[in-house]
Amino acid sequence: MERKTERAWIEVNTGNLCHNVETLKKAMQPGCELMAVVKAQAYGHGAVLTASYLNQMGVSAFAVATVEEGIALREAGIRGEILILGYTDVRRAEELKEYDLMQTLISYEYADALNQQGVTVKAHIKIDTGMHRLGIACGELSAVRKLFFMENIRVCGMFTHLCCSDSRQPDDMAFTRGQIEKFYSLADALRDSGIILPKLHIQSSYGLLNYPDLVCDYVRVGIALYGVLSAPNDDTVLKPDLRPVLSLKSRVVLIREVRAGESVGYGRSFTAGHTARIAILPIGYGDGFPRSLSEGKGRVLIRQYVAPVVGRICMDQLAVDITDAEGITVGDTATLVGAEGYDELSAPAVADHSDSISNELLCRMGARLPVITRSEDRRFHTPE
Ligand SMILES: *Cc1c(COP(=O)(O)O)cnc(C)c1O
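For the structure given in this document, a descriptive report is provided here. Owing to the predicted nature of the structure, the values given are computational and were not obtained by experimental measurement.

1. Regarding the overall build of the protein chain
When helices and strands are counted, the protein chain shows 11 helices and 21 strands. Against the 2.2 N^0.38 benchmark of 21 Å for 384 residues, the protein chain shows a C-alpha radius of gyration of 23 Å, consistent with a compact globule. Along the longest, intermediate and shortest principal axes, the C-alpha atoms of the protein chain span 80 × 45 × 40 Å. Counting across all 384 residues of the protein chain, residues that qualify as buried make up 52%. Put simply, of all contacts in the protein chain between residues at least 6 apart along the chain, 66% involve residues at least 24 apart. Counting every atom, the protein chain has about 17300 Å² of accessible surface; 48% of that belongs to carbon and sulfur. Side-chain charges in the protein chain split into 41 positive and 48 negative, and the spacing between the mean points of these groups amounts to 2 Å.

2. Describing unusual backbone geometry
The residue A42 is not glycine, and still its phi comes out positive at about 50°. Examined against the element boundaries, A42 turns out to sit in helix α2 (residues 39-44). Among the residues examined, A42 registers a relative accessible area of 0% and is labelled buried. Positive phi outside glycine occurs at Y43, with the angle close to 50°. On the secondary structure map, Y43 appears in helix α2.

3. Overview of the site of the ligand
As a matter of local geometry, the ligand sits amid V37, K39, Y43, L85, H161, S204, S205, R220, V221, G222, I223 and N359. Within the contact set of the ligand, an oxygen atom lies 2.7 Å away from a side-chain nitrogen or oxygen of K39. At a separation of 2.5 Å, an oxygen atom of the ligand approaches a polar side-chain atom of S205. Considered on its own, the ligand offers 390 Å² of accessible surface; in the complex 89% of this is hidden by protein. Of all the secondary structure elements, the ones that give two or more residues to the shell around the ligand are α2 and β10 (218-221).

4. Overview of the side chain of S356
Relative to the helices and strands, S356 resides in the loop between α10 (347-353) and α11 (358-364). At a separation of 2.3 Å, a polar atom in the side chain of S356 contacts the side chain of E360.

5. Here we look at the environment of R268
Relative to the helices and strands, R268 resides in the loop between β13 (263-264) and β14 (270-271). The exposed category is assigned to R268, whose relative accessible area is 59%.

6. What about the pattern of salt bridges?
Throughout the structure, instances matching the rule amount to 19 salt bridges. Here E11 and R374 are joined by a salt bridge, their closest N and O atoms 3.3 Å apart. You can see E11 sitting in strand β1 (residues 8-13) and its partner R374 sitting in strand β21 (residues 371-374), a full 363 residues away along the chain. Judged by relative accessible area, E11 falls into the buried class, the value being 10%.

7. Some details on the nonpolar core
With 117 residues, the main nonpolar core has L54, I125, M158 and V320 as its most contacted residues. Looking at this core, the element that brings in the most residues is helix α8 (residues 170-192), giving 6 residues. The residues contacting M158, other than those within four sequence positions of it, are H124, I125, I127, V144, F183, L186, A187, L190, P198, K199, L200 and H201. Among the nonpolar cores identified, the runner-up in size contains 9 residues, and V258, A272, I278 and V310 belong to it.

8. As for the environment of N152
With respect to the helices and strands, N152 occurs in the loop between α7 (141-147) and β8 (153-160). Of the residues examined, N152 reaches a relative accessible area of 13% and is grouped as buried. For the pair formed by N152 and T120, sequence separation is 32 residues and the distance between their alpha carbons is 4.2 Å. With near-sequence residues (within four places) excluded, N152 lies in contact with N115, G118, V119, T120 and V121.

9. Quick notes on the state of the cysteines
Scanning all chains against the criterion turns up 0 disulfides. Of the cysteine sulfurs around C156, a residue in no disulfide, the closest is that of C216, at 17 Å. As a non-bridged cysteine, C163 has C164 as the owner of its nearest cysteine sulfur, 4.7 Å distant. What makes C163 partly exposed here is its relative accessible area of 35%.

10. A word on the packing of helix α1 (residues 14-27) against helix α3 (residues 47-56)
Where α1 meets α3, the axes come as close as 11 Å, and the angle between the chain directions of the two elements is 55°. By the angle between their axes, α1 is oblique relative to α3. In this structure, the crossing between α1 and α3 has a hand that is right-handed. Where α1 approaches α3, its residues T14, L17 and V21 are matched on the opposing element by T50, Y53 and L54. Taken together, the residues of the contact of α1 with α3 sort by class into 4 nonpolar, 2 polar and no charged.

About the cut-offs
Residues numbered from 1 in each chain as written. Predicted model: local features only at pLDDT ≥ 70, side-chain atom pairs only at ≥ 80, totals over all residues. Heavy atoms only, no water. Helix = DSSP H or I, 4+ residues; strand = E, 2+ residues; numbered from the N terminus. Rg over C-alpha atoms; globule rule 2.2 N^0.38 Å. Buried < 20%, exposed > 50% of the residue type's maximum accessible area, 1.4 Å probe, protein only. Contact = heavy atoms within 4.5 Å. Areas by Shrake-Rupley, 256 points an atom, 1.4 Å probe, with all protein chains shown as cover. Lys, Arg positive; Asp, Glu negative; His and termini not counted. Charge placed at Lys NZ, Arg CZ, Asp CG, Glu CD. Near = heavy atom within 4 Å. Polar contact = N/O pair within 3.5 Å; in protein donor to acceptor, adjacent residues only side chain to side chain. Salt bridge = Lys/Arg side-chain N within 4 Å of Asp/Glu carboxyl O. Core = buried A, V, L, I, M, F, W, Y, C linked by side-chain atoms within 4.5 Å. Disulfide = S-S within 2.5 Å. Axes fitted to C-alpha atoms, helices over the stretch in contact; angles between N-to-C directions. Parallel < 35°, antiparallel > 145°, perpendicular 65-115°, else oblique. Left-handed = near helix turned anticlockwise from the far one by under 90°. Nonpolar A, V, L, I, M, F, W, Y, C, P; charged D, E, K, R; others polar.

So, in structure tokens, the structure goes:
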């Protein structure tokens, strides 16, 4: 049996990944390029594995959160542009250059300090249009303009981030349109002052799905690339046929009977009312399966059954009730996120049950679990 599937694992459907890339490209305006956001182990899908497939599909722009994530991609041979969306200590300028990574300029002071390192670095300017997180205020025309003349900074792009593009409430939509307008008026003012504009980008997944008419050079797609929305009931203007890429799986390693009055797990929070059959799965919150799904809130699919979680989810294992299920044996596969037969535990639904969003649920799985690929698509080879 394959080592990686002994205990608990992530299964990546590369055919669906490929399908999503093609579907999203069709949804984008002509001339716009897909920038694949592969931060946090590509939302749990494995950054190197995902980026390698994307590279083979012709995707040549990537975004990560940290310099380490960027270096890891380069060391694995990923080609194309890699933009670091977050903060990097300016003393790492040499590495930015060596690994050909593009750094986000998060403020004027930051750009100034980076410039003073004496190493030429490629960069994208982050503009704050209302998120008030990273970026130079959109009104600071002269400060932004100066960045184009810094000796060691090569400005390759300029971008902003929308803070409520997932919402279709009129006030949120008005706010988002305001963000877009502010960004474009800054770009226009730069152009009017003689600057040749670099690549411009605004949208992440929801920006594309809700504001598909925007004309930009890149769309920074994360969650939609992985085939899911953040929340189960989100409504979007575009509704492309996106297919979930990730499944979370584990295996039944032990089946036991507990009698009426006996409890299972920490805190004795589950006490059997009658004789019950319990299956133990070696997966827990240490693998990214949320502890808040304890005590019946979480479910898993085993064969054709939906088995509820009983007791508290532990760091490394959990228990499910299989009293009413027949034919389940040790070694059976359990699906915690994903489809099995006619049933599906979708990432948005599982995330919603645990008071979170798919983005968090998926990226927390990336730390301990091995990733395997499943695809009938033989056009691409699996990187080792
Ligand atoms: C994470 C991130 C994205 C991707 O967002 P999704 O909603 O997953 O598509 C895009 N842009 C920035 C700046 C980000 O931090």
